[in-house]
Structure formats: structure tokens, C-alpha cells
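Descriptive analysis of the structure
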Amino acid sequence: MTLCIISFYKFVISGEYLVPADLALAGEAASISKEMNIRIERNVVIGVLLSITIIISAFKCKWIELKKGYRFVGTILCALLFFTTAIVGVKVCPSEKDISVHSSDLTVNEQYNENGFIVGFTQEIMELMLEKPEGYSEEEVQRLLAPYQMGTEEEMKVKPNIIMIMNESFFDVTKLEEVSFSENPLSNFKDYQNSFAKGSIATSIYGGRTSQTEYEVLTGESVYFTDPSNIAYSKFVHEDTQSMAKLLKAEGYKTVALHGYEKKFFSRDEAYPNLGLDQFIASEDFENPKLARGYISDEALVDKIIDLYEHKDNNPLFYHVVTMQNHMPYSDTYTANNITVSHPNLSDTQLNSLTSYVNSIKDSDKALKQLIDYFSQVDEPTVIVMYGDHLPALDEQYELYKDSHFIEGNFDKEDCVKLYQTPFVIWNNYNLPQKDFGTIDATYLGGQVLDYIGYHKDAYMNYLLDTSKILKAYGEHFVIDGKGQIKTLEDLTEQEKITLNNLWMIQYNRLGIEEN
């Protein structure tokens, strides 16, 4: 019953049901739940009261001694009743259909809709068990990577400072159809995109599980293969895990992580050292920072970046920055930038959430300008990358996205390519060429940045550059092929299927599962 209630509220808030991997995030859920505005549903209250009544009644009943044969028959009947209930899919708690959302193409939700909570949850437990890729062997992995060892001794001509900012719930809100803004909330970001390098990343997550995107960007490894609900930081990161930070550290970079929330959130305090990030500054380390919406503001993080830079040694810097200001919920009324929004179909509640979100990302837009203005005056070559981790869950059950006609609500590949895609920009102060990357997988972003600055020493990152020409993006919700065509996994050509399996073979090897 407890798990059913948790699953119900998780779906109401984020549009996804409770899965086994979520149980490892109990601490994170407790930490962030104090920021949520959770209402008590009548059906939940009724279910809890009925359960309590049944339990009390069972204890009050007079026990009757039965013969062994009767007890055996009773046990068999109870077992049959339980498994019949599970198999035929009778719902044991509210499911997606009970709250009027139809997302049959979203795999996890479909399992729960079709089979109910018990079977759906059990199926997800089975999904956490990783199977060895078809044709896998250590020798085959070495054969695949061998051609990409060529040129890996080439030295970098320039070693720029690199600032990678993963901005919480950041997406191009101006793509919401028919929504009018009194001011463009992303005016600076758009200007930088038009003048420097730009693109968007296909993410594996929506509305939460932020650490999955940063794991993909830092390592080049996809959580699609290991299940997006299976938090990589707590399960797959170990001392031998390779990452962008480790590669740069070997080049003499000082590696630093900054986060606007608690160190233990998503086990970052344990994962970051294993990813080659030597210093970790989080909310515990700030003294009286400027807050926005109850979180450390993007402006405060930018101030910290600048302060660290001004006290650096002669080594180039790699900063991995994770913001927090734009985190859900959006039920607060945040109007710091006085931006108003309007739409003919949105309710007052939806407009309020959207207004809070828009004013918050305008802060992010201003903070980015503050950072770029500063480094525009710096002599050392510097690259600044900003990207979003996932779309924001602006309200319950994707309603705002449907009502604003951003998606149709069919949750097909056309809907999903919008719900699982965030923008990025790559700014620099030393005349790197302007470039449009288009839409690429989140796992490619780190490698593309390294290639952009002239680093080619890692065979795997080099391999990903070639793979991106065949599969620009891949995951359970949609695939983008080399020509930019949106597909489902079922539509893949034989070459694309082989490419995907080869990716899994190499990543399986990099995870070190055989050794562990």
C-alpha cells in the first residue's frame, strides 16, 4: 500500500511511476519533498482508511482452529487469488488511466497501465538485471576501438579553461506555441547561440533524475542501456570509470565541481572523486549566498566561479557546474524579472507556474551573460558550455505541454523528441569557428566539446564522433539517424542496429561489469 501511494504521487508530480531504482533515492526524495506542494487525494485517503479497517478487523476476529487439509486448501486459494489478480492486471493502486493520461508509448508507464503496480514493479526489477550484449568479448571491443587509437598521441595546441554548466530544467520555453512573453526570457542565450556554437541534446529523462544527464555528458556512456531509472552515480561509477574530467586532468587541468544543493544528493559526494573531479563545492560550502526561489541562485554560482578563477594557479581549469534555481515545483509566484506570459488555453494555475519558471530562467540567462562578460575580458582562452538536463515538469501529467500544443499528447516519437531535448551553447573567447551541431545525443556532448577544442587522445571519444554520423541520438523514446530522421527502435536499419549493439558492447566493457 505504501509503495502504491508513493507511486501515485510520483506520477502526479512527474508523469512517471515508482520504479525499483527509486528506492535508492529515498534520501534525495525526503530532502526535496519539503519544497513540494503535495495535496491529499480523496482516493488515497479512502484506500488507507479501508486498509486500516481491514487490519484492525483481522486482529479483532476470533481465531478458529482448522484442520490441516482446510488450511492447505485455503492457502492454495489465497495464492491463486493473488497471482490471478497480478496476472490479469487488476489495479492495486491508482494508475495512469485512473488520472486521465494516455502515454502508452512510454515503456515504463505502459507496463504499469497494462499490468498494474505489482506486475509493473516486478518487471522493472527484472529490467535492472543487465544482460551481456550480443557477441560481446574483450577482443571484439578492442577490435572496434583499434582504428581510433591512431593520432591519440597528438598534443593539444591550446588548453583553454572549460566551464561546463548543466542548468537545472533549462529548455527553450519560447517553443511553446501561442505563448506570448512580455520579454524574451532567453535573449542572451539566443544571441550567443546565433554567434557561437550551438545545438541541442537528446536526454533520457524528463522532469527529474538530473544526475543521469550529467553522467552521460561526463562519461559518454548512455543510461539507455542500463535503464534510465537505474541511477548511474550510485551503481555504475567506480574508481576505474573513465570521464571527460579524468582525460583533462591527465592534461594538467585542475578539476572542480560546483553544485547549488547538498553534496550527498544523487551520491555526488561519492561519484565525483571517482569521475576525476578533485574539488567539490556545494551548498554546504557557501556563506550567505544569494537565494532565488529558496535555492542557491545561478548568480551566486557565477560569482563563485569567478572567485575561484581569480585565485587559480597556472593550470587550466575544468569546472563542472550543476545549478539548482530552476528546480520544481513552480507553484510559487516568482516574478523577479517582471516577465508576464499569456496563452488563450492555459488556466490561471498553469500561467502562474509558467510565469515562475520563465522569470527564473531569465535569471539563468542573465547569469550566463554575467559570466561571459567577465571572461570576454580575460586573456586566457576559455570555453563556456551551458546545457539543460531535462525539461521541467511544469504541472501535473504533462497538461501544460498538451494545452499549449507543444505536444499532441500521443507520446509518440514526435512528442518525445520535444519532451526529451534541451538546448546548448558553446561560447569561446579565442575565435573558435561558429558551428551548428544540430540535435545530438547527450552522451556525445562531452566528446564533441573535446573535439571542438582540439583534444583527440581518447579512442572511445573518437569512436563516438564517428558513431554520431550514423546515430545522432538514441534511446527508448526515439532515435535520430545520420540523416536527421526521427525513428523508433523498431525502425532501425541493420547497420543502425549493429552500431547500437557495438555501442553497448564497448560501454558494457567500460562499466567493468565482468570484473566486478
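For the structure, check the block above.
Just so it is clear, the model here is predicted, and its values are computed rather than measured.

1. Considering the overall build of the protein
If you tally the helices and strands in the protein, you get 18 helices and 15 strands. Taken over 516 residues, the protein has a buried fraction of 56%. In the protein, 75% of the contacts between residues at least 6 apart in sequence involve partners at least 24 apart. As displayed, the protein has an accessible area near 23200 Å², and 53% of this comes from carbon and sulfur atoms.

2. Describing a nonpolar patch on the surface
Taken together, the side chains of Phe-72, Val-73, Ile-76 and Leu-77 define a hydrophobic patch exposed on the protein surface, amounting to about 400 Å² of accessible area. When you line up the elements, Leu-77 lands in helix α4 (residues 68-88).

3. Some words on unusual backbone geometry
Between Met-328 and the following residue, Pro-329, the backbone shows a cis peptide bond with an omega angle of 0°. Structurally, the position occupied by Pro-329 is in the loop between β8 (317-322) and β9 (341-342). Its identity is not glycine, yet Asn-288 carries a phi of approximately 50°, on the positive side. Its location among the elements puts Asn-288 in the loop between β5 (279-281) and β6 (291-292). A positive phi angle, close to 60°, is found at Asn-338, a residue other than glycine. Along the chain, Asn-338 falls in the loop between β8 and β9. For Asn-338, a relative accessible area of 63% translates into the label exposed.

4. Let's talk about the side chain of Arg-510
When you line up the elements, Arg-510 lands in helix α18 (residues 494-511). A polar side-chain atom of Arg-510 sits 2.9 Å from a polar atom in the side chain of Glu-221. When neighbours within four sequence positions are excluded, Arg-510 is seen to be in contact with Thr-219, Glu-221, His-238, Gln-242 and Tyr-460.

5. Examining the packing of aromatic side chains
Taken as a whole and judged by the stated rule, the model has 30 aromatic pairs. Judged by centre distance (5.1 Å) and plane angle (80°), the ring pair of Tyr-374 and Phe-375 falls under edge-to-face. We classify Tyr-374 as partly exposed; its relative accessible area is 22%. Considering the side-chain rings of Phe-424 and Phe-437, the 5.8 Å spacing of their centres and the 55° angle between planes classify their relative orientation as tilted.

6. Some words on helix α17 (residues 459-467)
Among the nine residues of α17, eight are classified as buried, and the element is accordingly described as predominantly covered. Turning to α17, its buried residues number three or more, namely Ala-459, Tyr-460, Met-461, Asn-462, Tyr-463, Leu-464, Leu-465 and Thr-467. Its buried side turned inward, α17 meets α6 (138-145), α8 (210-219), α10 (244-249), α16 (442-452), β13 (471-473) and α18. Put simply, Asp-458 is the residue that caps the front of α17, since its side-chain oxygen is 3.3 Å from the backbone nitrogen of Tyr-460.

7. Side note on the sheet that holds strand β15 (residues 486-487)
Here three strands make up an open sheet; going across it, the order is β13-β14-β15 and the pairing antiparallel. Edge positions in the sheet fall to β13 and β15, since each has one partner strand and no second. Taken together, the two bridges between β13 and strand β14 (residues 479-481) define a ladder with antiparallel strand orientation. Its bridge partner lying in β14, Leu-471 is registered against Asp-481.

8. With respect to the packing of helix α7 (residues 187-195) against helix α13 (residues 348-376)
Two elements in contact, α7 and α13, have axes separated by 7 Å at closest approach and are oriented at 50°. The pairing of α7 with α13 is recorded here as oblique in orientation. From α7, Ser-187, Asn-188, Phe-189 and Tyr-192 reach across to α13, where they touch Lys-362, Asp-365, Lys-366, Leu-368, Lys-369, Ile-372 and Asp-373. Considered class by class, the residues forming the contact of α7 with α13 number four nonpolar, two polar and five charged.

9. A few points about α6
Along α6, the residues that are buried comprise Glu-140, Val-141, Leu-144 and Leu-145. End-on view of α6: buried residues confined to an arc of 130°, all on one side of the axis. In α6, those exposed residues whose orientation departs by more than 90 degrees from the buried face are Glu-139 and Arg-143.

10. Quick word on the nonpolar core
Counting 73 residues, the largest nonpolar core has Met-164, Tyr-233, Phe-318, Tyr-387 and Ile-426 as its most contacted members. Tallying contributions element by element places α18 first for this core, with seven residues. Excluding residues within four positions of it along the chain, Phe-318 makes contact with Ile-162, Met-164, Leu-218, Met-244, Ala-245, Leu-248, Tyr-253, Lys-254, Thr-255, Val-256 and Leu-277. By size, the runner-up hydrophobic cluster in this structure holds 63 residues, among which are Phe-170, Phe-189, Tyr-330 and Phe-411.

11. A short note on the pairing of β8
With six of six residues buried, β8 is to be regarded as a mostly interior element. Every second residue of β8 is oriented toward a common face, with Leu-317, Tyr-319 and Val-321 on one face and Phe-318, His-320 and Val-322 on the other, all of them buried. Here strand β1 (residues 161-167) pairs with β8 via five bridges, running parallel. Note that in β8 the partner of Met-166 across the bridge is Val-322. In terms of strand pairing, strand β4 (residues 254-259) meets β8 through six bridges, oriented parallel. Looking at β8, one finds that Val-256 is bridged to Tyr-319.

Criteria and cut-off values
Residues numbered from 1 in each chain as written. Predicted model: local features only at pLDDT ≥ 70, side-chain atom pairs only at ≥ 80, totals over all residues. Heavy atoms only, no water. Helix = DSSP H or I, 4+ residues; strand = E, 2+ residues; numbered from the N terminus. Buried < 20%, exposed > 50% of the residue type's maximum accessible area, 1.4 Å probe, protein only. Contact = heavy atoms within 4.5 Å. Areas by Shrake-Rupley, 256 points an atom, 1.4 Å probe, with all protein chains shown as cover. Patch = residues over 30% accessible without salt bridge, like charges linked within 9 Å, V, L, I, M, F, W, Y side chains within 5 Å. Salt bridge = Lys/Arg side-chain N within 4 Å of Asp/Glu carboxyl O. Polar contact = N/O pair within 3.5 Å; in protein donor to acceptor, adjacent residues only side chain to side chain. Phe/Tyr/Trp six-rings, centres within 6.5 Å; stacked < 30°, edge-to-face > 60°. Pairing = 2+ DSSP bridges. Axes fitted to C-alpha atoms, helices over the stretch in contact; angles between N-to-C directions. Parallel < 35°, antiparallel > 145°, perpendicular 65-115°, else oblique. Nonpolar A, V, L, I, M, F, W, Y, C, P; charged D, E, K, R; others polar. Arc of directions from axis to C-beta. Core = buried A, V, L, I, M, F, W, Y, C linked by side-chain atoms within 4.5 Å.

Note that all results are geometric; they support no functional claim without further evidence.
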